[in-house]
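Structural overview for review
In case you want the letters, here they are:
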Amino acid sequence: MQLPRLLGNERFKKALAPFFRENFPQAAIIEGAAGLGKKTAAFDIAQALMCGGEAPPCGRCGPCVRMQAGSHPDYRLFNPEGGPVKVDDIRQARRLSFIRPSEAAQKVFVVNDAGRMNVQAQNALLKVLEEPQQTIFLLLCQQAEQLLETVRSRCVRFRLEPLSEQEIRRQLEERAPQATAEDREAALARCGGSLGQALRRIQEGPGKTEALAARFVRALEQSELAVLEACLEAGALPREEFGQFCDESCLGLWELAKKSPEKGWTLPVYDYLRGLSARVEVNASASAMSGALAAYCGGLIFAQN
C-alpha cells in the first residue's frame, strides 16, 4: 500500500500498512493540525482500498481512474469545505452505509472536520459504528479528543505529523516559484510544519487572526495591560476565528521558545492555548475563554514581577 501524494509521515504510513494485509477497521480517526494532508491521506487510503491492481493504489485500473475522476460510486466525502458538520449529513451517511457497495468490496465514507460534529451528530454516527456493515468510516479531525470517548473507542487512531522545514522549503520553491524568498521564509516560519498553511499564507497573505496572534505574543513580553488588550480583542472574534487565533499564537510561541529558551513561560502558555483550541467548539463564549487566557498569563508571567 502506498500513499503517493502524502509527503513525509513515514510513521503514519508504517502504522497503516498492516491493515492492508488484513481487514481494514470499520472506523478510523486521522488526526493532525490543519493543512497536514488529512484529506489527501484519506483519499489515498480509499483509493488503495478500491484498487484492483498490484501495489495499490496503482493509479491505472478502472477503480483508480474513477477515484481520480471523482466518479467512484463507493466513495463519499462529507463536509468537504470543513466547518460544523450537520447532523443531517451524518444521518444521510448512516442511511447510505447500509446500502451494498456498487462495485468494491466496501464503501469508504470520509467525514471532514469530524471534530466539529455536535453531540447529536456524534451520537447519530455512533449508532452506525455499533452495527457491522460494508462501509468504512474515516473521521478527520485536528485532535481526537474533540470526539466523544464512545466514538473514539470504536475507532483505530492515526496521527499525521508536521513536515520538516527542509521539506516545506523545497515544496514552496517548487509550488510557489512566483513568491519572493522572503515571503516563502515568512510562510515557513508561521506554518507549524503544515505545507497547506504555508501555501495558503503565500496565496492570501497574513490574516487578521495572525496579526492579532503576533500582537498577543509580543504583549507577553511587554505588560499585563498589553496582554489584556490583545485578549479583549480576541474575545470579540467569532468562535472559529478565536480557534484560529489560538493556533496562530501557538505557532508564534513555538518560535519564541526556540529563540529564547530561557523564557520558561512560553511552553506553559503554548499548552494552555492548545487546550483552548481543543475546547473552542464546545465552549459557547470566546469572551470567557479570552478572559481566562488573560488571567492565566497574568498569573504565570507578571504576578511574580
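That block above? That's the structure.
These lines cover the structure that appears in this document, whether it is placed above or below. (Residues numbered from 1 in each chain as written. Predicted model: local features only at pLDDT ≥ 70, side-chain atom pairs only at ≥ 80, totals over all residues. Heavy atoms only, no water.)

1. Focus on helix H2 (residues 38–50)
- Given a rise of 1.5 Å per residue, 13 residues ought to cover 18 Å, and the 18 Å separating the end C-alpha atoms of H2 matches this to within 8%.
- Most of H2 is tucked away, with 11 of its 13 residues classed as buried.
- Buried within H2 are the following residues: Lys38, Ala41, Ala42, Phe43, Asp44, Ile45, Ala46, Gln47, Ala48, Leu49 and Met50.
- Buried residues belonging to H2 abut helix H1 (10–16), strand S1 (27–31), helix H3 (62–69), strand S2 (75–78), strand S3 (107–111) and strand S4 (135–141). (Helix = DSSP H or I, 4+ residues; strand = E, 2+ residues; numbered from the N terminus. Expected span 1.5 Å × (residues − 1). Buried < 20%, exposed > 50% of the residue type's maximum accessible area, 1.4 Å probe, protein only. Contact = heavy atoms within 4.5 Å.)

2. Quick look at the sheet that holds S3
- Here we have five strands laid out as an open sheet, ordered S2-S3-S4-S1-S5, and parallel in their pairing. Since the sheet does not close on itself, it has two edges, and those belong to S2 and strand S5 (156–159), each with one partner. Neighbour to neighbour, the strand axes of the sheet diverge by 20° on average, direction disregarded.
- Two strands pair when backbone bridges link them, and S2 and S3 are joined in this way by four bridges, in the parallel orientation. The residue of S3 that forms the bridge with Leu77 is Val110.
- The strands that H2 touches are S1, S2, S3 and S4; relative to S4, the one it contacts most, it runs at about 165°. (Pairing = 2+ DSSP bridges. Axes fitted to C-alpha atoms, helices over the stretch in contact; angles between N-to-C directions.)

3. Some words on the nonpolar core
- Core analysis: the largest hydrophobic core is formed by 31 residues, its most contacted members being Phe216, Leu220, Phe242, Phe245 and Leu273.
- Elements with a contribution of two residues or more to this core: helix H10 (208–219), helix H11 (224–235), helix H12 (239–259), helix H13 (266–279) and helix H14 (286–302).
- In terms of residue count, H14 provides more of this core than any other element does, seven residues in total.
- Apart from residues lying up to four places away in sequence, Phe216 is in contact with Val227, Ala230, Cys231, Phe245, Ser249, Leu273, Leu293 and Cys297. (Core = buried A, V, L, I, M, F, W, Y, C linked by side-chain atoms within 4.5 Å.)

4. Points about the environment of Arg184
- Summarising the element assignment, Arg184 is placed in helix H8 (residues 181–190).
- Among the residues examined, Arg184 registers a relative accessible area of 17% and is labelled buried.
- Residues contacting Arg184, with those up to four places away along its chain left out, are Leu172, Glu173, Ala176, Pro177, Ala179 and Ile202.

5. A look at the packing of H13 against H14
- Orientation of H13 relative to H14, taken along the N-to-C sense of each, is 165°, at an axis distance of 11 Å. Relative to H14, the element H13 is oriented roughly antiparallel. In the crossing of H13 with H14, the sense of the turn from one axis to the other is right-handed. Two secondary-structure elements touch here, H13 through Pro268, Val269, Tyr272, Leu273 and Leu276 and H14 through Met289, Ala292, Leu293, Tyr296, Cys297, Leu300 and Ile301. (Parallel < 35°, antiparallel > 145°, perpendicular 65-115°, else oblique. Left-handed = near helix turned anticlockwise from the far one by under 90°.)

6. Here's the deal with unusual backbone geometry
- Phi is positive for Asn79, which is not a glycine, with a value near 60°.
- Within the element layout of this structure, Asn79 appears in the loop between S2 and helix H4 (87–97).
- According to the relative accessible area criterion, Asn79 is buried, its value standing at 12%.
- Positive phi outside glycine occurs at Asp113, with the angle close to 55°.

7. So, the pattern of salt bridges
- Applying the stated criterion across every chain, the model contains 17 salt bridges.
- One salt bridge connects Arg157 with Glu145, and the closest N-O pair in it is separated by 2.8 Å. Highlighted residues: Arg157 in strand S5 and Glu145 in the loop between S4 and helix H6 (149–152), separated in sequence by 12 residues.
- Glu145 sits in the partly exposed class, given a relative accessible area of 46%.
- Among the salt bridges present, the one from Lys263 reaches Glu221, with a minimum N-O distance of 3.2 Å. Pair noted here: Lys263 is in the loop between H12 and H13 and Glu221 is in the loop between H10 and H11, with a separation of 42 residues, a long-range link.
- Looking at Lys263, the relative accessible area reads 22%, which means it is partly exposed.
- Residue classification places Glu221 among the partly exposed residues on the basis of a relative accessible area of 43%.
- Ionic contacts of the salt-bridge type, sharing partners, join the residues Glu31, Glu145, Arg157 and Arg159 into one network. (Salt bridge = Lys/Arg side-chain N within 4 Å of Asp/Glu carboxyl O.)

8. Some thoughts on the environment of Ala214
- Considering the arrangement of structural elements, one finds Ala214 in helix H10.
- In the structure, Ala214 is positioned 31 residues away from Phe245 in sequence and 9.3 Å away in space, judged by C-alpha atoms.

9. With respect to the pairing of S4
- Taken across its seven residues, S4 has seven buried, putting it largely inside the fold.
- As paired strands, S1 and S4 are joined by five bridges and run parallel to one another. Note on S4: the bridge partner recorded for Ala27 is Phe137.
- Note that S3 and S4 share five bridges and pair parallel. Directly across from Val111, in S4, lies its bridge partner Leu139.
- Of the crossover connections in this fold, the one passing from S3 over helix H5 (residues 119–129) to the parallel S4 is right-handed. (Right-handed = clockwise from strand over helix to strand, strands pointing away.)

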